[in-house]
Amino acid sequence: MLTILDNFTKRVHGFFQGHVYRNYLLFGAAVMMIPLMHNFGIIGSGTLGIWAYIVIITVVALGLNILLGFSGLISLGTAGFVGAGALGTGVFLNMGLPFELAALLTILIAAAIGALIGFFSLRVEGIYLAIATLFVGEILRQIYTQIEIFGGQMINIGAIRFLGFFTLNANPPSERRFLFVIIVAVMVLMMIAMHHLVHSKTGRALLAMSRSQAAAQAMGVSILSYRLIAFVTATVFATVGGVLYAVYIQNAPTTAWTLDLSLFVIAMVVVGGFKSIYGTFLGAFIIHGIPNLILAELFGDVSYIFSGVLIIVVILFYPYGAIQVFYDVRKWFHKGRLKLTTKRSDRSA
Amino acid sequence: MKTPLLELNQISMTFGGLKAVNDLSFSVFPGEIVGLIGPNGAGKTTVFNCVTQFYKDYEGDVFFDGLKGKVDLRTIKVTDVIDQGLVRTFQNVELIPDLSIMNNLLIGAHKQFKSRLIDHLFNTKKARQEEARLSEKALEILTFLKIDHLKDFYVKGQPYGILKKIEIARTLMSDPKLIILDEPAAGLNDRETDELEALIYQIREKYQTTILLIEHDMGFVMNICDRVCAISFGKFLAMDTPAKIQKNALVQEAYLGKDD
Ligand SMILES: Nc1ncnc2c1ncn2[C@@H]1O[C@H](COP(=O)(O)OP(=O)(O)OP(=O)(O)O)[C@@H](O)[C@H]1O
Ligand SMILES: [Mg+2]
């Protein structure tokens with residue numbers, strides 16, 4: 001009996017220690033199942049949109065985690081870039097560009113602005129950087145609402161034509177589910193890219209820069225280059241999130257990109273887990289999902305009070321983020337495995 | 001006589017009104033182990049910061065006959081000093097606590113990575129091969145320092161003696177011509193200090209490198225150094241063999257105070 005259990009735990013362990021892609025792909029596949037759950041009547045019809053938002057905002061928060069978790073930098077301008085992604089895609093699509101080109105142009109323009117902020121960030125630290133980025137976000141928001149090409153209230157995007165041959169419209173449920181699968185696929189790709197990034201020379205240099213600037217410099221890490229890289233990457237992630245918003249929602253409001261959103265994204269990183277990729281998703285789920293999916297049904301309008309309390313509790317007990325819960329579980333699991341193995345060797349001795 | 005590897009020429013460094021280093025000159029020759037001593041606040045760390053270009057606004061010149069020939073270090077950016085074959089440790093161990101020991105060593109090889117951000121995002125073959133090659137090098141160094149069994153552990157939570165070793169290991173990643181160590185024995189117990197002594201000799205042997213170190217542990221300095229430079233209040237006192245430095249009246253006075 002013990003041997004069977006031991007074998008089982010070993011296999012489970014081996015499976016998850018395996019190839020890095022596998023875990024992300026499995027995770028993505030699991031999230032893609034959510035629309036099916038609707039077919040089986042497990043989740044309500046309005047909830048797919050909430051899940052889609054969680055997926056989209058996870059991509060945004062991953063970028064912020066590169067800034068906050070790895071590089072020790074802050075941005076309060078995140079919302080501005082999510083808006084840039086959504087509105088930029090809308091503007092270019094309305095100009096008649098194909099979707100892929102529209103998305104690419106939007107991302108490139110936003111990345112350039114991100115680089116500018118990175119360059120600027122060399123001159124300001126801490127709270128000053130926070131305030132500076134706050135105003136970058138504000139300026140972007142003003143631009144969206146004041147300048148005509150953004151259509152005043154919103155840009156209607158409508159059905160999106162992918163790769164020039166298949167078109168998906170957000171209205172019919174069947175097509176919406178397919179759109180959901182697409183945005184989850186992009187999220188998984190972004191997760192894998194981030195995984196590679198943080199385990200590379202670049203990731204190490206970002207950490208070195210934030211943990212010990214002196215050591216980083218002595219080892220040849222240029223603070224300018226890596227601040228630029230940090231801001232450009234974070235901006236690109238936020239903008240990709242905005243593009244996904246345009247893809248899924250198919251219209252881009254001009255007024256939605258406020259400081260609240262930027263702060264919520266920060267909360268997702270803090271609550272979910274600094275430096276943790278799955279933790280970022282978990283953070284997005286806790287901050288956006290729990291109040292809207294679970295608490296709203298139970299408590300109605302006051303659900304945000306409960307989610308607020310929940311978030312404070314998480315921060316109190318898991319200062320390194322809720323993902324720590326899973327690490328603890330894994331630790332117990334390992335301990336259990338160890339016990340099993342020692343028991344067995346006791347017996348055989 | 002051989003040409004010096006490192007040459008300090010009338011270095012002065014002022015903080016506000018305080019002359020932390022005052023008209024200091026000395027040289028280090030290839031293959032030497034040189035100690036820089038002086039009472040607390042004598043300006044030793046400041047000298048290191050000038051040499052490694054953390055401070056740029058010092059007076060005087062520092063020349064280094066490194067991997068790329070003789071250069072005036074002032075013309076080299078702080079982040080490019082390592083390319084010359086000059087690398088340092090810090091008085092307050094400067095490591096990345098939330099990275100594994102292996103990854104901390106790889107930071108020491110930062111400049112040897114030729115792959116780019118794009119390679120990293122897509123984890124291209126180039127990036128993977130480079131990572132494997134330099135990890136191999138790091139493992140060799142860790143094995144040499146006998147801490148290879150710890151390679152995958154976080155730096156955070158390691159005992160002080162291990163931290164000091166990791167910092168030294170990280171310097172070795174860059175194939176340095178000159179390693180400068182700021183108080184390598186501080187905080188070590190007697191056994192660890194003896195071990196460090198042996199280690200520094202081994203490093204000089206194996207990596208054909210020169211070592212300049214600051215240390216307060218006089219036993220250690222006297223045992224290990226070929227020559228010792230003593231300073232006090234930023235000023236040069238004497239530079240000589242350990243035995244002669246111990247007998248030097250100026251040095252004794254700086255450490256013990258003047259007899260009235
Ligand atoms: N960045 C700085 N700004 C102002 N004063 C400084 C700075 N760095 C050092 N000092 C001062 O310069 C003097 C020399 O300091 P330094 O750290 O070089 O001494 P040290 O010889 O390394 O001493 P210790 O043995 O205690 O490490 C001290 O009086 C110190 O207070
Ligand atoms: Mg010092």
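As shown above, the structure is provided for reference.
Parameters at a glance
- Residues numbered from 1 in each chain as written.
- Chains lettered and ligands numbered in written order.
- Predicted model: local features only at pLDDT ≥ 70, side-chain atom pairs only at ≥ 80, totals over all residues.
- Heavy atoms only, no water.
- Contact = heavy atoms within 4.5 Å.
- Buried area = accessible area lost by both parts, 1.4 Å probe.
- Salt bridge = Lys/Arg side-chain N within 4 Å of Asp/Glu carboxyl O.
- Polar contact = N/O pair within 3.5 Å; in protein donor to acceptor, adjacent residues only side chain to side chain.
- Donors = N, O, S within 2.8 Å, 3.2 Å for Na, K, Ca; no water.
- Helix = DSSP H or I, 4+ residues; strand = E, 2+ residues; numbered from the N terminus.
- Buried < 20%, exposed > 50% of the residue type's maximum accessible area, 1.4 Å probe, protein only.
- Near = heavy atom within 4 Å.
- Areas by Shrake-Rupley, 256 points an atom, 1.4 Å probe, with all protein chains shown as cover.
- Nonpolar A, V, L, I, M, F, W, Y, C, P; charged D, E, K, R; others polar.
- Core = buried A, V, L, I, M, F, W, Y, C linked by side-chain atoms within 4.5 Å.
- Axes fitted to C-alpha atoms, helices over the stretch in contact; angles between N-to-C directions.
- Parallel < 35°, antiparallel > 145°, perpendicular 65-115°, else oblique.

(A) Highlighting the interface of chain A and chain B. Listed per partner, the contact involves 24 residues of chain A and 28 residues of chain B. Here chain A and chain B share an interface that buries about 2400 Å² over both sides, 66% of which is from carbon and sulfur atoms. In terms of surface lost to chain B, no three residues of chain A exceed K201, R204 and M219 of chain A, which account for 33% of the buried area on that side. Applying the counting criterion to the chain A and chain B interface returns three salt bridges. Measuring nitrogen to oxygen at the nearest pair gives 3.0 Å for the salt bridge that ties D98 of chain B to K275 of chain A. The interface formed by chain A and chain B contains seven residue pairs in polar contact (both at pLDDT 80 or more).

(B) How the structure looks around the coordination of the magnesium ion (ligand 2). All names here are of chain B. Within the protein, T45 (OG1) and Q91 (OE1) serve as the donor atoms for the magnesium ion (ligand 2), at 1.9 to 2.1 Å. Note that T45 is positioned in helix α1 (residues 44–51) and Q91 in the loop between β6 (86–88) and α2 (101–107), a separation of 46 residues in sequence. Here T45 falls in the partly exposed class, since its relative accessible area comes to 25%. The class for Q91 is partly exposed, based on a relative accessible area of 31%.

(C) Here's a closer look at the site of ligand 1. Residues and elements named next belong to chain B. Residues in contact with ligand 1 amount to 14 residues; listed here are only the nearest, K44, T45, T46, Q91 and H216. One of the side-chain nitrogen or oxygen atoms of N40 is found 3.0 Å away from an oxygen atom of ligand 1. Within the side chain of K44, one N or O atom sits 2.8 Å away from an oxygen atom of ligand 1. Across the complex, the protein chains shield 63% of the 630 Å² of accessible surface that ligand 1 would expose by itself. Contributing elements (two or more residues each) for the shell around ligand 1: β2 (18–28) and α1. Classifying every residue of the shell around ligand 1 by side-chain character gives five nonpolar, seven polar and two charged.

(D) Highlighting the pattern of salt bridges. Under the definition given, this model contains 15 salt bridges over all chains. Among the salt bridges present, the one from E195 of chain B reaches R191 of chain B, with a minimum N-O distance of 3.6 Å. Of this pair, E195 of chain B and R191 of chain B both sit in helix α6 (residues 190–207), four residues apart, roughly one helical turn. For E195 of chain B, a relative accessible area of 35% puts it in the partly exposed group. By relative accessible area, R191 of chain B is classed as exposed at 57%. Three or more residues joined by partner-sharing salt bridges are found here, namely R211 and K275 of chain A together with D98 of chain B.

(E) The arrangement of the nonpolar core in detail. Grouped together as the largest cluster of nonpolar side chains are 164 residues, with contacts concentrated most on F180, I183 and W257 of chain A together with L105, I166 and I200 of chain B. No other element matches the 17 residues that helix α4 (residues 47–70) of chain A contributes to this core. Residues within four places of F180 of chain A in sequence aside, it is in contact with V31, M32, I34, P35, L48, W51, A52, V55 and Y248 of chain A. Grouped together as the second largest cluster of nonpolar side chains are 31 residues, Y58, V62, L73 and L212 of chain B included.

(F) Fine view of the side chain of T239 of chain A. Looking at where T239 of chain A falls in the secondary structure, it is placed in helix α11 (residues 223–249). Setting aside its immediate chain neighbours within four residues, T239 of chain A contacts F81, G85, T106, I107 and A110 of chain A.

(G) Spatial organisation of the packing of helix α5 (residues 160–172) of chain B against α6 of chain B. Residues and elements named next belong to chain B. Interaxial distance between α5 and α6 falls to 12 Å at its minimum, and their mutual angle equals 10°. Regarding the angle of α5 to α6, the classification is roughly parallel. Contacts from G161, K165, I168 and L172 of α5 reach α6 at E192, E195, L196, I203 and Y207. Partitioned by chemical class, the residues of the contact of α5 with α6 number five nonpolar, one polar and three charged.

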